[in-house]
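Chains, contacts and geometry: an overview
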Amino acid sequence: MLQKKEISNKEMVEDTFTLIESNKHLNAFVTLNKEVSLKKAENLDNNPSNLPLAGIPIAQKDLFCTKDLRTTCGSNMLSNFIPPYSATVIENLESAGCISIGKTNMDEFAMGSSNETSFFGNVENPWGEGLVPGGSSGGSASAVAAGIVAAASGTDTGGSIRQPASLCGITGLKPTYGRISRWGMIAFASSLDQAGPMARTAEDCALMLNEMCSHDPKDTTSLDENIPDFTQNLNSSIKGMKIGLVKEFDLSKLDNDVVKVFEESKRHYESLGAEFIEISLPNISLSVPTYYVVAPAECSSNLSRFDGVKFGRRCENPKDLEDLYVRSRSEGFGDEVKRRILIGSYVLSAGFYDAYYKKAQQVRRLIKNDFVSAFEKVDVIMSPTTRGTAFKAGSMGSDPIQMYLEDLFTIPANLAGLPAMSVPNGIVDNKPVGMQLIGNFLEESKILQAAHSFQTSTDWHLKTPNGDIS
Amino acid sequence: MTWQTVIGLEIHVQLSTKSKLFSGASTGFGAEPNTHVDLVDMGLPGVLPVPNKDAFLKAIRFGLATNAEINQVSSFDRKNYFYPDLPKGYQITQMAMPIVGKGSIKIFANGEEKIINITRAHLEEDAGKSVHDLFEGETGIDLNRAGTPLLEIVSEPEIANAKEAVAYFKAIRQIVTFLDICDGVMAEGSMRCDVNVSMKKVDDSELGTRAEIKNINSFKFIERAIAFEIDRQTKILESGGSVAQETRLYDSVKNETRSMRSKEEANDYRYFPEPDLLPVVISDKELEEIRSSLPELPEQKEKRYINEVKLEASEARIIASSKTMANMFEEACLKTDDSSLVARWLVGEVSALLNKDNIEIDESNLTSNNFAVLIGRISDKTISGKIAKSVLEEIWESGDGVDAIIKDKGLVQIQDESLLESIAKKIVEDNPGQVNAYKGGKDRLFGFFVGQVMKETQGKANPQSVNEILKKLLK
């Protein structure tokens, strides 16, 4: 999909901005990078380049710092923040020739599963008016689904790439924790955050991933491991591949049609020669509560730097230091962010640390061990990505727990640091459905292979709200 | 009622690494505000810390020198609190797994030796500084110091009084300067300490409630703050009250400690493991390399000076206690034969001058060469001890060479026995009254005759010869 078109780089970038304009109602972008993008395209027209992604317009989630280009993280707190440096992943993509055409809307500080918490307004899912695109990488998902860009960057802390990919009918991959440098990614939960590609196909995700990954000395949690060519195994047969089904995932509570889609995909994989094996992840039911201790704890600390002193929003005429802190943070942060800071501060406080944070970390280790045992028996693990299809904005009501359960299937891979992706595998009520493939540590190639073989023999990934792509 | 004082010290030692603990910015002192600051020190969104290995090596040197356990796997934690000079809203420190575990150090106070146990020593980053006097009605922030590596050394509560506390602080300073891991310059904040003071009845096994006095940066202030605190707490306890657990500040102008915040107002730091950093692992090989590169330490030097160089114990201790003094001693000894004379002069006249000017020996004009020549001229009797003292003073002022000073001022000792005898004879003849009194039993008058000869020769007479000649004449 990212191959060269028979048009100039400049025309391609101009077309992209025309598409952004005609899809303005999606509210997928927070900040555009038009001038710089056009200049880069012109340069490429004058000096053709052999770079692997030369001239490809991509959208960057507004959580990555981009030098001299406003980076808001979907928050009022950073609505005036222009970083003096770029994230490693941005530099990697741009030095591969990509043109960052703009910054995509997102849930504030990546906290949300519907893109309803952004200071810059809800993002629409191109599959239907009033439908959420999922979150937190909702802007990126919506932009790819609408065909504005072929690929976008996202980040995934508990499902923020895979859930919106599923709800928007595109392919999204969260790599192994540490594959992609976190330098320049505005931290939500440091031990869970991981950047990844969102695109139409697994092949495009592989091409993006090739450029996004690097061992970065500026991030000590970045892995010093061999980075393969992720496209290399795409066309290998999956005959004999062992796919695990999680015994503890109770699909009976899901929408009947969604389950039907999942069963069809299983049959399709069987027809390709894959073998299904039931596996057990005994502690998996503890994933959501564990996540909602660990992630808020880390976020409460990570977001302390937004205090109105150095950068970002400062309240007007502070009376004293206390007033400066209280009003800057009260005005700068939205409700969901405040809720998580409160939860996080609570679980870390003296007297509660052992009962919550320490216990959650112990459970996290158990969940990790469950996966280690499971991957002794299978090559990949398959599940639905989400409980259902895209829902209406506002329909989750005021109970945050309902929203938190959106990430039921996606959270375990973050807790265990494993690579996982969402692949479109059906349409229900005119809305896309996705399936999740979880791989073993560092085995992105294997889930990409499984996804690619599915996509070369089905056309769910080619369906768009505007009809099928040929 | 007798109350027993219990003191524990937390000493913050600024490690002399070139760059900061988690960034590449310089640690240099005294630069323009916010010039030694990079993205990480500012705590910009998206930045990540990368530990400075050199800080670990230096911390380990300290650990090995204090016979401490070294934790080859250590990790960082976040200490969360809001303050304008703390850019991230948390300090990265080592709570659960510090690099250095239990150790000990020997101190010398109130005329005796004592071992003080060290609980732990951990790495952490320093904060920046709030600047209150640059902008009218506003506070500025200088982040130059933010991220500077600190080694926080925590003692057991085993220090019994102010003198011991100062001796302990001095012993730590001695070790870190010998190890070359800290410059020890207190005026630039290279070493600061928090002092915990509590009182208990002598028989009580439980410690009393403590007050913590924050951020003291001189020996004198440590002593005074403790003295004030002991007095304050004793008065409270004597009158039947109880000491509040609180953090106090020492005001050196008023010489008092004042409450800063009570236990109830204390921060809940919400410590948790720093998720941006993996545990730091030190291999056996690295540890051995550090061990084999350790210099000779004060205690070892002291022993060697006593056993091999045959110095007096008190001289050995004083010389070994300061790196610059020990260097001077060892270099001068290489250039002369009389080690004990070198020692006596260092501990005596040289130390007196150092104390007077309140400087270290390497800040003075005295070089080991010049010092060795001076000792040589005393040994070979070119000059007397008294003249040598004035030569030393001259060196102190001008830095000129010993022989040049002796020559210019004509200070060469008069050895000529017949010349000395004729001068002595004349003095004996001129003072018949004193001679009679002396012969009548007033022994102390002998000094009078020596003094007169010295006066006549402007101090240049060889005192030993003068003694012998006078004894003969006055028999």
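Numbering of residues starts from 1 in every chain and runs along the sequence as written. Here chains are named by letter from A upward and ligands by number from 1 upward, in the order in which they appear as written. Only residues with pLDDT of 70 or above have their local features reported here, since the model is predicted, and side-chain atom pairs are shown and tallied only from 80 upward, although totals for entire chains, interfaces and linings are computed over all residues.

Quick word on the overall build of chain B
The condition that has to hold: Helix numbering and strand numbering both begin at the N terminus, where a helix is a DSSP run of H or I of at least 4 residues and a strand a DSSP run of E of at least 2. When we talk radius of gyration, it's over C-alpha atoms, and the globule rule is simply 2.2 Å times the number of residues to the 0.38. Note on burial: count the other C-beta atoms lying within 10 Å of the residue's C-beta; 20 or more is buried, 12 or fewer is exposed, in between is partly exposed, and C-beta positions come from the backbone. Contact criterion: two residues are in contact if their C-beta atoms, reconstructed from the backbone, are within 7 Å.
A tally of helices and strands in chain B yields 16 helices and 15 strands. Taken over C-alpha atoms, the radius of gyration comes to 29 Å for chain B, far larger than the 23 Å a tight globule of 475 residues would show. Taken across its 475 residues, chain B has 40% of its residues classed as buried. At a minimum sequence separation of 6, the contacts of chain B that also span at least 24 residues come to 69%.

Comments concerning the overall build of chain A
Of the regular secondary structure elements, chain A holds 14 helices and 13 strands. The C-alpha radius of gyration computed for chain A amounts to 21 Å, which stays within 12% of the reference 23 Å derived for 470 residues, consistent with globular compactness. In chain A, which comprises 470 residues, the share counted as buried stands at 58%. For chain A, contacts bridging at least 24 residues in sequence account for 76% of all contacts bridging at least 6.

A few points about the sheet that holds strand S3 (residues 99–104) of chain A
All names here are of chain A. Short version of the rule: By this definition, two strands are paired if DSSP reports at least two bridges between them. Interaxial angle, 0 to 180 degrees, is taken between N-to-C directions of lines fitted to C-alpha atoms, where a helix line uses only the stretch in contact.
Strand order across the open sheet formed by 11 strands is S1-S3-S2-S4-S6-S5-S10-S11-S9-S7-S8, with mixed pairing between neighbours. A single partner strand is all that each edge strand has here, and the edge strands are strand S1 (29–32) and strand S8 (275–279). Put simply, the sheet's adjacent strands are angled 30 degrees from each other on average, direction ignored. By the bridge criterion, 6 bridges tie strand S4 (residues 151–156) to strand S6 (residues 194–199) in an arrangement that is antiparallel. Across the sheet, residue Gly154 finds its bridge partner in S6, namely Gly196.

Remarks on the packing of helix H9 (residues 339–357) of chain B against helix H10 (residues 368–379) of chain B
A pair of packed helices can be characterised by two numbers: the angle between their axes and the separation between those axes. All names here are of chain B. This is how it is decided: Two helices crossing with the near one rotated counterclockwise from the far one by less than a right angle form a left-handed crossing, whereas a clockwise rotation gives a right-handed crossing. Charged residues are taken to be Asp, Glu, Lys and Arg, nonpolar residues to be Ala, Val, Leu, Ile, Met, Phe, Trp, Tyr, Cys and Pro, and polar residues to be all remaining types, Gly included.
Between H9 and H10, the least distance of the axes is 10 Å, while the angle of their chain directions is 115 degrees. Like other packed secondary-structure pairs, H9 and H10 cross with a definite hand, here right-handed. In this structure, H9 contributes Leu341, Val342 and Trp345 to the contact, and H10 contributes Ile375, Ile378 and Ser379. Taken together, the residues of the contact of H9 with H10 break down into 5 nonpolar, 1 polar and no charged.

Some details on the interface of chain A and chain B
Of the residues lining the interface, 32 residues belong to chain A; the matching set on chain B comes to 24 residues. Where the side of chain A that touches chain B is concerned, the elements lending two or more residues are helix H8 (287–302), helix H9 (321–332) and helix H10 (335–348) of chain A. Per-element tally for the side of chain A that touches chain B: the top contributor is H8 of chain A, with 3 residues. A breakdown of the residues in the side of chain A that touches chain B according to their chemical character gives 16 nonpolar, 9 polar and 7 charged.

Regarding the domain arrangement of chain B
All names here are of chain B. Heads up, the condition is: Here the bounds of each domain stem from an automatic or database domain assignment.
Per the domain assignment, the segments making up chain B are domain 1 (3–288), domain 2 (296–408) and domain 3 (417–473). Just the C-alpha atoms count here: the centres of domain 1 and domain 2 sit 35 Å apart. Across the contact, 7 residues belong to domain 1 and 7 residues belong to domain 2. Going through the elements one at a time, strand S5 (103–109) and helix H3 (162–178) are the ones with two or more residues in the side of domain 1 that touches domain 2.

Some remarks on unusual backbone geometry
Geometrically, the link from Gly135 of chain A to Ser136 of chain A is a cis peptide bond, its omega value of 10 degrees lying close to zero. Along the polypeptide, Ser136 of chain A turns up in the loop between S3 and helix H4 (138–145). The backbone of Asn115 of chain A sits at a positive phi, close to 60 degrees, despite the residue not being glycine. Inspection of the secondary structure assignment puts Asn115 of chain A in the loop between S3 and H4. Looking at Asn115 of chain A, the number of C-beta atoms within 10 Å reads 34, which means it is buried. Even without a glycine there, the phi angle at Lys310 of chain B is positive, about 65 degrees. Topologically, Lys310 of chain B is positioned in the loop between helix H6 (298–307) and helix H7 (313–320). The exposed category is assigned to Lys310 of chain B, around which 11 C-beta atoms lie within 10 Å.

Looking at the environment of Lys389 of chain B
Tracing the sequence through the fold places Lys389 of chain B in helix H11 (residues 385–398). C-alpha of Lys389 of chain B to C-alpha of Trp345 of chain B: the two residues are 44 residues apart in sequence and 9.3 Å apart in space.

A few points about H10 of chain A
Which entries qualify depends on this criterion: Here the expected span of a helix is defined as 1.5 Å times the quantity of residues minus one. Summarising the geometry, the arc corresponds to the directions from the helix axis toward the C-beta atoms.
Here H10 of chain A spans 20 Å end to end across 14 residues, near enough to the 20 Å set by a 1.5 Å rise per residue. Inspection of H10 of chain A places Val337, Arg340, Ile341, Gly344, Val347 and Leu348 of chain A among the buried residues, and these make up the whole buried set. Here the buried residues of H10 of chain A occupy an arc of 135 degrees about the axis, which is enough to place them on one side. Facing away from the buried side of H10 of chain A by more than 90 degrees, the exposed set consists of Asp335 and Leu342 of chain A. If you follow the buried residues of H10 of chain A, they end up packed against H8 and helix H11 (354–374) of chain A together with strand S14 (272–273) of chain B.

Digging into the environment of Ser153 of chain A
Residues and elements named next belong to chain A. By the secondary structure assignment, Ser153 is in strand S4. C-alpha separation for the pair Ser153 and Met212, spaced 59 residues apart in sequence, amounts to 9.1 Å. Those residues in contact with Ser153 that sit more than four places away from it in its chain are Ile58, Gln60, Lys61, Phe64, Val89, Ser140, Ala195 and Pro197.

Concerning the nonpolar core
Note the threshold: Each nonpolar core comprises buried Ala, Val, Leu, Ile, Met, Phe, Trp, Tyr and Cys residues, the members being joined through C-beta atoms within 7 Å.
Residues Leu437 of chain A together with Ala165 and Val195 of chain B are the most contacted members of the largest nonpolar core, which totals 201 residues. With residues up to four places along the chain from it excluded, the contact list for Val195 of chain B reads Ile7, Leu9, Ala165, Ile213, Ile216, Ile222, Ala225 and Ile226 of chain B. In terms of nonpolar packing, the next biggest core, distinct from the first, is built from 37 residues, Leu346, Val350, Ile383 and Val391 of chain B among them.

Focus: the pairing of strand S9 (residues 149–155) of chain B
All names here are of chain B. Taking burial as the measure, the 7 residues of S9 include 6 buried ones, the bulk of the element. Two elements, strand S1 (residues 3–14) and S9, share 5 bridges in a ladder whose sense is antiparallel. Bridging from a neighbouring strand, His12 pairs with Glu152 of S9.

Some remarks on the environment of Ala225 of chain B
Residue and element names in this part refer to chain B. With respect to the helices and strands, Ala225 occurs in helix H4 (residues 219–238). According to the C-beta neighbour criterion, Ala225 is buried, with 27 such atoms within 10 Å. Residues Ala225 and Pro51, 174 residues apart in the sequence, show an inter-C-alpha distance of 36 Å. What Ala225 contacts, discounting residues up to four positions off in sequence, is Val195, Ile213, Ile216, Tyr250 and Thr257.

Quick word on the pairing of strand S9 (residues 380–384) of chain A
All names here are of chain A. With 5 of 5 residues buried, S9 is to be regarded as a mostly interior element. Where strand S7 (residues 242–246) and S9 come together, 3 bridges link them in parallel fashion. The residue bridging Gly244 from the neighbouring strand is Ile381, located in S9. Where S9 lies against strand S11 (residues 431–439), 5 bridges are found, and the strand directions are antiparallel.

Examining the packing of H6 of chain B against H7 of chain B
Residue and element names in this part refer to chain B. Following both chains from N to C, one finds H6 and H7 inclined at 145 degrees, their axes separated by 9 Å at the closest point. For H6 against H7, the interelement crossing comes out right-handed. Of H7, the residues touching H6 (which contributes Pro298, Lys301, Glu302, Tyr305 and Ile306) are Ala313, Ala316, Arg317, Ile319 and Ala320. Among the residues making up the contact of H6 with H7, the classes are represented as 7 nonpolar, no polar and 3 charged.

What to know about H9 of chain A
All names here are of chain A. Given a rise of 1.5 Å per residue, 12 residues ought to cover 16 Å, and the 16 Å separating the end C-alpha atoms of H9 matches this to within 8%. For H9, every residue scored as buried is listed here: Tyr325, Ser328, Arg329 and Gly332. The buried residues of H9 all sit within an arc of 90 degrees when viewed along its axis, so they share a single face. Those residues of H9 that are exposed and angled more than 90 degrees off the buried face are Glu322 and Ser330.

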